[in-house]
Amino acid sequence: MLYYVVKIAVTTLLIVLISEIAKRSSFWGAVLASIPLISVLAMIWLYVDTKDIAKISALSTSVFWLVLPSLVLFIILPLLLKQGFHFYLSLPVSLLVTVACYWGMVSLLQYYGIKL
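**Student:** It is not clear to me how the overall build of the chain should be interpreted in this structure. Could you clarify?
**Tutor:** Counting its secondary structure elements, the chain contains six helices and zero strands. Helices (α) and strands (β) of the chain occur, in sequence order from the N terminus, as α-α-α-α-α-α. Relative to the globule expectation of 13 Å for 116 residues, the C-alpha radius of gyration of the chain, 17 Å, shows a markedly less compact shape. Over its C-alpha atoms, taken along the principal directions, the chain stretches across nearly 50 × 40 × 25 Å.

**Student:** Which parts of the structure should I look at to understand the pattern of salt bridges?
**Tutor:** Where charged atoms of side chains with opposite charge meet at close range, the side chains can pair. Counted under the stated rule, the structure contains three salt bridges. For E20, the salt bridge is made with R24, and the minimal N-O distance between the two is 3.8 Å. You can see E20 and its partner R24 sitting in helix α1 (residues 2-24), four residues apart, about one turn around the helix. Overall, R24 belongs to the exposed group, its relative accessible area being 68%. Salt bridges linked by common partners bring E20, K23 and R24 together as one network.

**Student:** What's the story with the packing of α1 against helix α3 (residues 37-50) in this structure? I'm lost.
**Tutor:** When two helices pack together, their arrangement is given by the angle between their axes and by how far apart the axes lie. Orientation of α1 relative to α3, taken along the N-to-C sense of each, is 170 degrees, at an axis distance of 11 Å. The pairing of α1 with α3 is recorded here as roughly antiparallel in orientation. Note on element contacts: α3 touches α1 through L37, I38, L41, W45, V48 and D49, opposite Y3, K7, V10, T11, L14, I15 and I18. Looking at the contact of α1 with α3, its residues break down into ten nonpolar, one polar and two charged.

**Student:** Is there a simple way to explain the packing of aromatic side chains in this structure?
**Tutor:** Remark: the centre distance and the inter-plane angle together describe each pair of aromatic rings, the angle taken between the planes. Within the structure shown, the criterion is met by six aromatic pairs. Ring centres of F64 and W65 lie 5.1 Å apart, and the angle between their planes is 70 degrees; on these two criteria the pair is classed as edge-to-face. The class of W65 is partly exposed, set by a relative accessible area of 24%. With 5.3 Å between their ring centres and 70 degrees between their planes, F87 and Y88 make a pair best called edge-to-face. Among the aromatic side chains, those forming a connected cluster through ring pairs are Y3, Y4 and W45.

Parameters at a glance
- Residues numbered from 1 in each chain as written.
- Predicted model: local features only at pLDDT ≥ 70, side-chain atom pairs only at ≥ 80, totals over all residues.
- Heavy atoms only, no water.
- Helix = DSSP H or I, 4+ residues; strand = E, 2+ residues; numbered from the N terminus.
- Rg over C-alpha atoms; globule rule 2.2 N^0.38 Å.
- Salt bridge = Lys/Arg side-chain N within 4 Å of Asp/Glu carboxyl O.
- Buried < 20%, exposed > 50% of the residue type's maximum accessible area, 1.4 Å probe, protein only.
- Axes fitted to C-alpha atoms, helices over the stretch in contact; angles between N-to-C directions.
- Parallel < 35°, antiparallel > 145°, perpendicular 65-115°, else oblique.
- Contact = heavy atoms within 4.5 Å.
- Nonpolar A, V, L, I, M, F, W, Y, C, P; charged D, E, K, R; others polar.
- Phe/Tyr/Trp six-rings, centres within 6.5 Å; stacked < 30°, edge-to-face > 60°.

Encoded structure:
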């Protein structure tokens, strides 16, 4: 149980730290947020939990393919905000478009026989 508390605490601390740094500097907040910290932590936790290199490799490959459609969020959100849309409208619209892109990417990969 203590192990899960440590996992949650470390992961939460990183997210809070990044948001606090972003308040002071959007550049440094973006640098830290752009590093795939969550993916790296997930791989570390997976390795500690299972020692299964094949699972880590599969996770890493899946993250690679799914990063591509996730980039749509970072294109659509600022475009909507610059057009004057309210943040609380822009965010869910951007997320919906991103989900559609995830679906499209998964469908495309399945079509070409790539399993995630």
